[in-house]
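Each chain, written out:
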Amino acid sequence: MAVDSKNRIGGWLLVPLAWLIMTLLTSALVMALYLSALFDPAMRHQLFVQDSSVLMNWGLSLLTSTLVWFYTGWVTWIFCKRSRRLPRHYIIWLLITVVLALKTFAFAPVADGRAVQTLLIALLAAGILVPYFKRSQRVKNTFTVE
């Protein structure tokens with residue numbers, strides 16, 4: 001049975017898919033780093049001895065990582081299913097990555113150079129991929145299945 005080539009995921013659509021998969025793997029790694037504090041007795045002790053605001057920030061960061069991981073996984077799933085809902089959710093996902101990069105830049109205790117790099121990559125990805133998903137005929141032809 002022949003498959004219509006315009007309905008396949010290919011060409012430049014592989015770049016957004018790769019971006020999703022990379023983010024899925026990265027957020028899984030971040031979750032593992034946060035959860036490692038619970039499995040190491042010394043780190044767990046240090047975490048629970050700290051001020052409650054430190055524990056709350058750790059918990060919020062873990063929750064954010066988990067939510068990003070689940071949403072990225074779901075967006076990847078509907079991407080592979082070629083769902084009609086994908087363009088809207090991919091744009092929302094890109095905007096969430098920009099907001100998280102802004103949060104990292106403004107509030108995280110990381111080096112300014114790394115925070116700026118993260119922010120610029122998120123802005124560049126959103127700046128290129130949002131118009132692509134809104135205007136591309138390839139996107140319109142590929143994501144038609146509900």
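What this report covers is the structure whose coordinates are included nearby. Keep in mind it's a predicted model, so treat the numbers as computed, not measured. (Residues numbered from 1 in each chain as written. Predicted model: local features only at pLDDT ≥ 70, side-chain atom pairs only at ≥ 80, totals over all residues. Heavy atoms only, no water.)

## Some points on the overall build of the protein chain
When you go through the protein chain residue by residue, the secondary structure sums to six helices and zero strands. Listing the helices and strands of the protein chain from first to last along the sequence gives α-α-α-α-α-α. The C-alpha radius of gyration computed for the protein chain amounts to 18 Å, which surpasses the reference 15 Å derived for 146 residues by more than 25%, pointing to a less compact arrangement than a globule. In terms of overall dimensions, the protein chain has C-alpha extents of about 60 × 35 × 20 Å along its principal axes. Summing over all exposed atoms, the protein chain offers an accessible surface of approximately 9,500 Å²; the carbon and sulfur share of this is 70%. One way to put it: in the protein chain the 14 positive side-chain charges average out to a point 16 Å from where the 5 negative ones average out. (Helix = DSSP H or I, 4+ residues; strand = E, 2+ residues; numbered from the N terminus. Rg over C-alpha atoms; globule rule 2.2 N^0.38 Å. Areas by Shrake-Rupley, 256 points an atom, 1.4 Å probe, with all protein chains shown as cover. Lys, Arg positive; Asp, Glu negative; His and termini not counted. Charge placed at Lys NZ, Arg CZ, Asp CG, Glu CD.)

## Looking at the side chain of T72
With respect to the helices and strands, T72 occurs in helix α3 (residues 52–80). Reaching out from T72, the side chain makes a polar contact with the side chain of W93 at a distance of 2.9 Å. Excluding its chain neighbours within four sequence positions, the residues that come into contact with T72 are L20, T23, L24 and W93. (Polar contact = N/O pair within 3.5 Å; in protein donor to acceptor, adjacent residues only side chain to side chain. Contact = heavy atoms within 4.5 Å.)

## Digging into α3
Side chains three or four residues apart in an α-helix point the same way, a direct result of the helix having 3.6 residues per turn. Taking 1.5 Å as the rise per residue, α3 with 29 residues should run 42 Å; its terminal C-alpha atoms sit 42 Å apart, in good agreement. All of the buried residues along α3 are W58, L62, S65, V68, T72, V75, T76, I78 and F79. Residue R82 follows α3 closely and has a positive phi angle near 55°. (Expected span 1.5 Å × (residues − 1). Buried < 20%, exposed > 50% of the residue type's maximum accessible area, 1.4 Å probe, protein only.)

## Focus: the side chain of S83
Within the element layout of this structure, S83 appears in the loop between α3 and α4 (86–107). Reaching out from S83, the side chain makes a polar contact with the backbone nitrogen of R85 at a distance of 3.1 Å.

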